[in-house]
Amino acid sequence: MQGRTPQGRLKFWLSAIVMALTPNALMALETSLTAPGASKELVERLKKTSSVTTAKERGLDTPLEILSAALSDYRTLVQILYDEGYFSPVVSIKLDGQEAAELSSLTVPTQINRAAITVETGPSFKFGTAIVQPLASGTVLPEGFAPGKLATTGAIQNAGSDGVQGWRNAGHAKAKIEDQTIIARHAQARLDAQIDLDPGRRLTFGRMFIRGDTDVRHRSIEKIAGFPSGEVYSPEKIQKVGTRLRRTGTFNVVSLQEHETANPDGTLDFDATFEDLPKRQLTFGLELASRDGIDVTATWMHRNMFKRAERLRFEAAIRNIGGSEDLDGRIGLRLDQPDRLGPDDNTFWNALLERRNTENYNVSVASVAYGARRTFSDTLYAEASAGLQWSDADDAYGNGRKFRYFILPFRSEWDERDSKVSATRGFYLDSQIMPFVGFSGTDTGLRMFFDGRAYTSLGTGGRIVLAGRAQLGSVIGPPASGVTPDFLFFSGGAGTVRGQPYESLGIPVGTGVAGGKSFLGLSGEIRGKVTDSLSLVGFYDYGVVDTSSFIGSGAEDHAGAGIGVRYDLGGFGPLRFDLAFPVSGSSGDGLQFYIGIGQAF
C-alpha cells in the first residue's frame, strides 16, 4: 500500500471490511431466456414463471438467493415444458458462465452479474397409449387424452380426475387413483400413460352430524337439509343439501365434510359445520326522477327469530318526496318459514299497507296472505298463496269506491342471468297469475302479468351488451270500472317508458284518465363499456294500454328514448343516470331524468 495517504489507507480498509462483512452483495443482475423453436406464448410463460428472470420483482437481491432461484427453476421450467407436451427438454441455467447445478451453496460467488437460461424443448410428444381403468359406466374422459393427441401432464391429470369422479357419481365415494405408469419413448416422441383406479365399495349415505356454533335448532336444520340417509352416495345430492341450507339466508358458512372412512355397514357419515350470519340487517335504497321526486326505501331483516331459520323482512317506502304528487308510501312484512314443509319448500306470511297518490287516482290498500313456495332449482321457483285485500279508491270512475277481494296469487320466477344487478347474458321471466273473488258487491275476475328480459354480449365478454324487455298484462272478467285501480295498467316512468311521466298513459274517462285492462311494454338498450367501471347506454321504450283485456289496433300508445351513464359500484350494481325525452304519444312532458342503483332492467 505504498504511496497511499493515511486517509486513502483508511478508506481502503473500510471498503475491505464492508466487502468482508457482505460477501453476498449483488450488483444489478442481467437476465436472459432463450428457447429456440418455441412459440412466443411458451417463451413468455417461461419468463413469467422463472424465479431468475423475475428476481427483481420477487425481491431477490443476493447471490445466494439468485443461486437458490436458479436451482428451483430447473424443476419449474421442466414442469412447464411437460405441461406443453415436451418430455425430453434440456434446460441450462448459467450464472456468470457457470452452470448453476454445478455450484455449491457453501461457496457462493461474492456477486453474480448475469444469468442466462437456455431451453431446448425437444420434440412434442403424442400419446401412444392412453388408458384409464376400470371406468364406471357412462364416464367420458377428456378428448385430449387419446392415442395420437398431444401428450400433456394436464391431460393426464384431468383423465385421472374424471375417472375418479365417474366412480364417485356412481356411488363409490372413496374411489381413488391406485397407480399410474408413464413411459416416455424418446426415439418415437411418444408417451404411454396408464392410470389404474381403485373404485372402492359402493356406499350409501349414513348420518349427518351437526357441528359448529349455530343458534338454529338441530331438528330444523335436519328438516331443511333433507339429508338423504339410506340413499346411494351421490356428490350431486350432497351439493343439494348444502344449497338448501344456504338458501335460508341464515348461515354465513355451511360446510359438509364426509368422514375419512366408511362405516362397516357401507354407510358414509358427514359432518355439517355452520356459522350464523348476524341476526339483523338494515339496508337503504334511493331513486330520483325529475318529475316524481325522490323515492326512499328501507329494509330491516331479522334472521332466525324463533331459532328455526326463519327470515322476517320488514320493508318501508316513502315516495314522491319533492315530486308533483302528494307524498305516499308502503309498509310490507314477510315471514319465511323454511322448516314447515319438505326440504325444497317453505311457507310464508305476507302483509301490506299502502297508499298510492298519483295524478289519475288515489288508493289505500291493505292485504294479508299465507302461502307456500317451491324451489325447483337455483334458478327456478314458484309460489302460491291465499289471502284478503281491501282497497279504497278515488279515480276517474268516482270517489270513495270500495273493493273487497279474496285473492289467490300464483307466481313463478325463472332467472338464468349471469348477474341480478347487471346482466350481460341469459334471460329472466317473471309470471304472475291472480284470480280474485269479490265480495260485498265487488266483481270477480283474473289478473295476469308477465315480465321477460333477455341479454347478450355478442361475444365481446360484456364490453357491449344488448338488453331487451317485454311486459304484458291483462285483466279478464269485470269492466275496468269494476276493478280497483291498482289492478289496472298504466304506462310511463322508470319501470315502463322512460321519457314519459309516471303512469301518464291510461284510458280517457270523462275528464279524467283510468287504467286499462291490458298493457304491452317493450324496451331495448345498448350498453357499451368505456372503461371497466364506466358505461354508456342508449335506450328506447314503448308502451300501449287498451280498454279491453287484449291489446287491439285502436289502443293508446306512447314511446320514449334517451341516453344514460352507468358507474359500476361492485356487488351493488351500477349507479344509474338516464336522460330521456318523449318520442311519440300525447302524454309527454319534456325531458325527464332518472337516478338510481342497478340497471333499469
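Placed above this text is the structure.
These figures come from a predicted structure and were not determined experimentally.

Student: With reference to specific residues and values, describe the sheet that holds strand β4 (residues 114-120).
Tutor: Ordered in space as β1-β4-β2-β3, the four strands form an open sheet in which the pairing is mixed. The outermost strands of the open sheet, each flanked by one partner alone, are β1 (30-34) and β3 (98-99). Across five bridges, β1 lies against β4 in parallel orientation. Bridge pairing in β4 links L33 to I117. Against the sheet, helix α4 (residues 63-83) engages β2 (90-95), β3 and β4, with an angle of about 165° to β2.

Student: With reference to specific residues and values, describe the layout of surface pockets.
Tutor: In this structure, the second largest pocket occupies an estimated 290 Å³ of space. Lining the second largest pocket are 22 residues, and of these S422, T424, K529, S535 and Q599 lie nearest its centre. Going through the elements one at a time, β25 (518-529), β26 (534-546) and β27 (556-568) are the ones with two or more residues in the lining of the second largest pocket. Tallied by class, the residues present in the lining of the second largest pocket amount to six nonpolar, ten polar and six charged.

Student: Mind laying out the packing of aromatic side chains, listing which residues take part and the relevant values?
Tutor: This model, assessed by the stated rule, comprises 17 aromatic pairs. Considering the side-chain rings of F403 and Y405, the 6.3 Å spacing of their centres and the 5° angle between planes classify their relative orientation as stacked. Residues F403 and Y405 agree in their burial class; the two are buried. A connected cluster of aromatic rings, assembled from ring pairs, spans F205, F227, Y233 and F270. When the ring centre of F348 is taken as origin, the NZ or CZ atom of R334, which lies over that ring, is 4.0 Å away.

Student: Report on empty space enclosed by the protein, specifying residues and quantitative values.
Tutor: Scanning the entire structure with this criterion turns up one cavity of 30 Å³ or more. In this structure, the largest cavity occupies an estimated 40 Å³ of space. Lining the largest cavity we find R469, Q471, A494, G495, T496, R498, S523, D541, A600 and F601. Here the residues of the lining of the largest cavity are counted per class, giving three nonpolar, four polar and three charged.

Student: Explain the packing of helix α6 (residues 218-225) against helix α7 (residues 235-247) to me, and be specific about the residues and the numbers.
Tutor: As a packed pair, α6 and α7 sit with axes 8 Å apart at the nearest point and diverge in direction by 125°. Between α6 and α7, the crossing angle belongs to the class labelled oblique. The interaxial crossing formed by α6 with α7 has right-handed handedness. Of the residues in α7, those in contact with I221, I224 and A225 of α6 are V241, R244 and L245.

Thresholds, definitions, all that
- Residues numbered from 1 in each chain as written.
- Predicted model: local features only at pLDDT ≥ 70, side-chain atom pairs only at ≥ 80, totals over all residues.
- Heavy atoms only, no water.
- Pairing = 2+ DSSP bridges.
- Helix = DSSP H or I, 4+ residues; strand = E, 2+ residues; numbered from the N terminus.
- Contact = heavy atoms within 4.5 Å.
- Axes fitted to C-alpha atoms, helices over the stretch in contact; angles between N-to-C directions.
- 1 Å grid on protein atoms, 1.4 Å probe; cavity = no way out; pocket = protein on both sides within 12 Å on 5 of 7 lines; lining within 4 Å.
- Points joined across faces, edges and corners; volume = space filled by probe spheres on them.
- Nonpolar A, V, L, I, M, F, W, Y, C, P; charged D, E, K, R; others polar.
- Phe/Tyr/Trp six-rings, centres within 6.5 Å; stacked < 30°, edge-to-face > 60°.
- Buried < 20%, exposed > 50% of the residue type's maximum accessible area, 1.4 Å probe, protein only.
- Lys NZ or Arg CZ within 6 Å of the ring centre and 35° of its normal.
- Parallel < 35°, antiparallel > 145°, perpendicular 65-115°, else oblique.
- Left-handed = near helix turned anticlockwise from the far one by under 90°.

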